[in-house]
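These are the residues of each chain, in order.
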Amino acid sequence: RFGRGVEKDKVSRGFYFFGKFSCFRRGPAGGPGQREVQIDQVVIEGNRNVDSAAVKQQLKHASGRVTADMISEDVQNLYKSEFFDQVSASIVQTADNPPRTAIKYSVVEKPQVRKVFIRGNKKADEDDLAKYLDFGPRRFLDKGKVEGLMRTAVAYYQSLGCCDASLEYSVVPVGDGQVDVTFTV
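All figures in this text were calculated on a predicted structure; none of them were measured in a lab.

**Focus: the overall build of the chain**
Moving on, step 1. Along the chain, the regular secondary structure elements total 4 helices and 11 strands.
Moving on, step 2. Across the 185 residues that make up the chain, the buried fraction comes to 41%.
Moving on, step 3. Long-range pairs, those at least 24 residues apart, make up 55% of the contacts in the chain with a sequence separation of at least 6.
Moving on, step 4. Roughly 10300 Å² of accessible area belongs to the chain as shown, and the carbon and sulfur atoms make up 48% of that amount.

**Structural notes on the side chain of Lys 110**
Moving on, step 1. Relative to the assigned elements, Lys 110 resides in the loop between strand S8 (101–109) and strand S9 (112–119).
Moving on, step 2. Of the residues examined, Lys 110 reaches a relative accessible area of 10% and is grouped as buried.
Moving on, step 3. A polar atom in the side chain of Lys 110 sits 2.4 Å from the side chain of Asp 142.
Moving on, step 4. For Lys 110, the residues in contact, after removing those within four places along its chain, are Glu 82, Phe 83, Phe 84, Asp 85, Phe 140, Leu 141 and Asp 142.

**Structural notes on the sheet that holds strand S11 (residues 178–184)**
Moving on, step 1. Taking strand neighbours across the sheet as the criterion, the 3 strands line up as S9-S11-S10 in an open arrangement whose pairing is mixed. Edge positions in the sheet fall to S9 and strand S10 (168–175), since each of these pairs with one other strand and no more. This sheet shows a mean twist of 20° between the axes of neighbouring strands, independent of strand direction.
Moving on, step 2. For S9 and S11, the ladder comprises 7 bridges, and the chain directions are parallel. Directly across from Gln 112, in S11, lies its bridge partner Gln 178.

**Looking at helix H4 (residues 143–159)**
Moving on, step 1. Here H4 spans 24 Å end to end across 17 residues, near enough to the 24 Å set by a 1.5 Å rise per residue.
Moving on, step 2. Within the sequence span of H4, burial applies to Val 146, Leu 149, Met 150, Ala 153, Val 154, Tyr 156 and Tyr 157. Along the axis of H4, the buried positions cluster into a sector of 160°, meaning they face one direction only. In H4, the exposed residues that point more than 90 degrees away from the buried face are Arg 151 and Ser 159.
Moving on, step 3. If you follow the buried residues of H4, they end up packed against helix H3 (126–132), S10 and S11.
Moving on, step 4. Residue Asp 142 occupies the N-cap position of H4, its side-chain oxygen lying 3.1 Å from the main-chain nitrogen of Gly 144.

**Some words on the pattern of salt bridges**
Moving on, step 1. In the structure shown here, the tally under the stated rule is 8 salt bridges.
Moving on, step 2. A salt bridge links Glu 45 to Lys 104; the shortest N-O distance between them is 3.9 Å. Of the two residues, Glu 45 is situated in strand S5 (residues 41–45) and Lys 104 in strand S8; the sequence distance between them amounts to 59 residues.
Moving on, step 3. Across the pair Asp 134 and Arg 139 runs a salt bridge whose closest N-O atoms are separated by 4.0 Å.
Moving on, step 4. On the basis of relative accessible area, Asp 134 is assigned to the partly exposed category, the value being 42%.

What counts as what
Residues numbered from 1 in each chain as written. Predicted model: local features only at pLDDT ≥ 70, side-chain atom pairs only at ≥ 80, totals over all residues. Heavy atoms only, no water. Helix = DSSP H or I, 4+ residues; strand = E, 2+ residues; numbered from the N terminus. Buried < 20%, exposed > 50% of the residue type's maximum accessible area, 1.4 Å probe, protein only. Contact = heavy atoms within 4.5 Å. Areas by Shrake-Rupley, 256 points an atom, 1.4 Å probe, with all protein chains shown as cover. Polar contact = N/O pair within 3.5 Å; in protein donor to acceptor, adjacent residues only side chain to side chain. Pairing = 2+ DSSP bridges. Axes fitted to C-alpha atoms, helices over the stretch in contact; angles between N-to-C directions. Expected span 1.5 Å × (residues − 1). Arc of directions from axis to C-beta. Salt bridge = Lys/Arg side-chain N within 4 Å of Asp/Glu carboxyl O.

Next comes the structure, spelled out in structure tokens:
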């Protein structure tokens, strides 16, 4: 409970569950019958490598009257940034005097890629192949990114005459939210 009859509610992967929110009222912000709440600030927790200001830039609804749909949209925007494995949002009362209403976004970052290794390469130039398996400056591990890199590298390998080329990968946690990725040809 967060005082004055307000319970913590969660948004996760776009689902918003209303509890007993005395601070919500019906209004036009999210369409007919949508409840809304006045938000005074945004709190970000759980981020280690992504700056809070960068997280807040992804949010369209950081203050004013917001609805569950608006919060859900912001949660989806945070997922689309590809920095996070998990995102949830909750309405909380701050410790300020008088208390203020805030949206607290709790995030779990994807691990950062520390190093990339290539094993089993016999046909392609190592530097050329490495260009196709480069995660780029953001360097967060994302399964879709890995699969895309592998498709491109296999196409490169096949262009060298290795029609049956394939790639596999493994991920090894190395601590502090980092991983090493090994691609095996």
